[in-house]
Every structure is written in C-alpha cells, then in structure tokens.
Amino acid sequence: DSRDPIVAPAGAKRTDRRSSTRPRFIESWQKTINAHAEQGDNDGVLDEKLHVTVWVAQTSSLLRAHSSFKLLTEQDRNALKRMRVRAARDSAMAAKILLRLGLSLSVNRSVTPDEWRFEKTPMGKPIISSPLPGVNFNISHADAVTIVAVSSNLKLGVDVESIDQDLTEDVVAGFCNAREQAALLGLPQTQRAREFIRLWTHKEAYTKLLGCGHSIEFSSIDCLPDATHPRRDAESTPSIHFEGFYVPVGRVLYYASLAIDPASSSLKPVNVRLVNVIGPDDTTNVSTIPTVS
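The rules we used
Residues numbered from 1 in each chain as written. Predicted model: local features only at pLDDT ≥ 70, side-chain atom pairs only at ≥ 80, totals over all residues. Heavy atoms only, no water. Phe/Tyr/Trp six-rings, centres within 6.5 Å; stacked < 30°, edge-to-face > 60°. Helix = DSSP H or I, 4+ residues; strand = E, 2+ residues; numbered from the N terminus. Buried < 20%, exposed > 50% of the residue type's maximum accessible area, 1.4 Å probe, protein only. Polar contact = N/O pair within 3.5 Å; in protein donor to acceptor, adjacent residues only side chain to side chain. Contact = heavy atoms within 4.5 Å. Salt bridge = Lys/Arg side-chain N within 4 Å of Asp/Glu carboxyl O.

## A short note on the packing of aromatic side chains
And then number 1: Summed over all chains, the structure comprises seven aromatic pairs.
And then number 2: Considering the side-chain rings of W29 and F245, the 6.1 Å spacing of their centres and the 75° angle between planes classify their relative orientation as edge-to-face. Here the residue W29 occupies a position in strand β2 (residues 24–33), and F245 occupies one in strand β13 (residues 241–249), the gap between them amounting to 216 residues. Each member of the pair W29 and F245 is classed as buried.
And then number 3: Joined through ring pairs, the aromatic side chains of F175, F196, W200 and F218 make up one cluster.

In structure tokens form, the structure reads like this:
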C-alpha cells in the first residue's frame, strides 16, 4: 500500500518487508519551543503540545521511489506537463509527492495522499479545499532539495536556498535594510554570503507564512538577531519564531528557515520535528544540521 510510508526513529534499525519502491522516513531531530510555557488546564488534564513536522528530501532520491508517482492526481500531472525545464519539473513533482504524503501522515492517514485537493487565496497562497481538514502547510525546493512543513494548528512558512551563491553589494542593497547592510558589509566575504542567505530565507519564510509573497519589500523587513522578529519598519508586529538548519547534499550546502507564528499557539509548548526522507535502497541520508537559535 503506497499510502503507508515507514517512519523510523533516528538510529533505529529498519526491517522493511514491504515494497522496495517506497520512500523511507527517518526522524532527524526535534525540539520544543516554549518548553516552559504554562499549559492550559481543562478539568485537570493538560493540553497536548502543538506540533510542526518538517519533511526534508533529496529530490532525486525521492523520485526513485516509483510507487509515489501513483499519488499524483490528473491535475498534478497536467500541471507538470506544462513545465518545459526538466529540473524545475522534477522539483515540482517531488514537492507534490512529499506534500501529499506529509498531509496524510499529519491526519493519521484519515485522508489518503491522492484525496487532497487545493485552491489558492486571493494573494495566491495554496490552501486545502473544503471540506478536507484545514491543515496548514508550506513548500520550498531549491535544486536538489525539497522541503514540506505541516501543522494542524500553527501558521508557518519555509524556505531553502543554496549558500553557494555570488553576492554583490547591489544584491545586498536591493533586499536588505540599512541595519542589515551595515552588519553584512562588516563580515568576511564567505561569512557575509551565509548570513545573507540566512536573512533571505527568514524573510521568504515570513512572507510565505503571511501568504503575501513578494508584495512586501524585503528591504522593509528587519531580521537581524536583535530585532523583534521580524520587524517591518516602525510597525509593531507579532514576534515570529525561526528555526534554521543546514542541508548538505553532495558538495553543495543548503540553508533552510522555518517561520512559526507562536501567537497561534497561545504560547503553549510547540514540538518541532524534522524528518529526513530517503529513496529506496539509498545508503546516504539527507543529514539535516540544526543551527543554534
């Protein structure tokens, strides 16, 4: 049954008697946000933690799991046929597969992967069509990496980019505010590029959380560590929690940012769980590395 992928804890020995054409899911790491927050008391029973799960896959590895192609709908296939560049088509295909699997696992498989239907908000953000469960999700993919973040309760956004990019002063000036520019230009070139990608992915994840995309000028968002995350000019905005992690694939290193709106959790503990996805017969892992927040 292709709708039942395997989830194993980190370091666990896997014995899989089912189809070798399926992807395998291995827990990488997890942490609790607001770990010391007061939990609501309902007749003496503590509320359970809220959850965010992030699925990370090497695109080519996921596409080797041929049984996953059965999860794509006719609408998915038609959209993919319209994409002429193979690399972009492969990334989009992997994202659709991973999203359908992640959504179904988030509702304990009460909805099968191929049953999910989607629509868009007026601003173009994809959402789940009614009357299906209103699970929050966000997708990002860059070259060899595909990421899907899912939560039943929390608003979120995610973005991933390669850190091996040319960075000019014009690019910094175009997408960073004056404080960020001053901080970046004071760093060595290699460190400057990595810090720019961190800021960029934070801003991408934040605007995707809001569902407004690039309608907000990135230079108006302040994501330096001492800012109230994220701060837009002089406006007072809710604090957004960010998690960052590196994803090494071969000789290329990627950086990903996850943005979570803690206001939607009423400051309850939030469990963030990151799961690596590998293809059939793969001996290598995506091996995500969390940064210190």
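Additional details are given in the paragraphs that follow.
## Concerning the side chain of S140
And then number 1: For S140, the position within the fold is in strand β8 (residues 136–142).
And then number 2: A polar contact of 3.3 Å, which involves the side chain of S140, links it to the side chain of D159.
And then number 3: Looking at S140, its side chain comes within polar contact range of the main-chain nitrogen of V160, at 3.0 Å.
And then number 4: Ignoring any residue separated from it by four or fewer positions in sequence, one finds S140 in contact with V145, T146, I147, V158, D159, V160 and K208.

## Digging into the pattern of salt bridges
And then number 1: Summed over the entire model, instances satisfying the criterion amount to eight salt bridges.
And then number 2: Close ionic contact of E243 with K31 constitutes a salt bridge, the shortest N to O distance being 3.1 Å. On the criterion of sequence distance, the pair formed by E243 in strand β13 and K31 in strand β2 is long-range, its members being 212 residues apart.
And then number 3: The partner of R100 in a salt bridge is D76, and the shortest N-O contact between them spans 2.9 Å.

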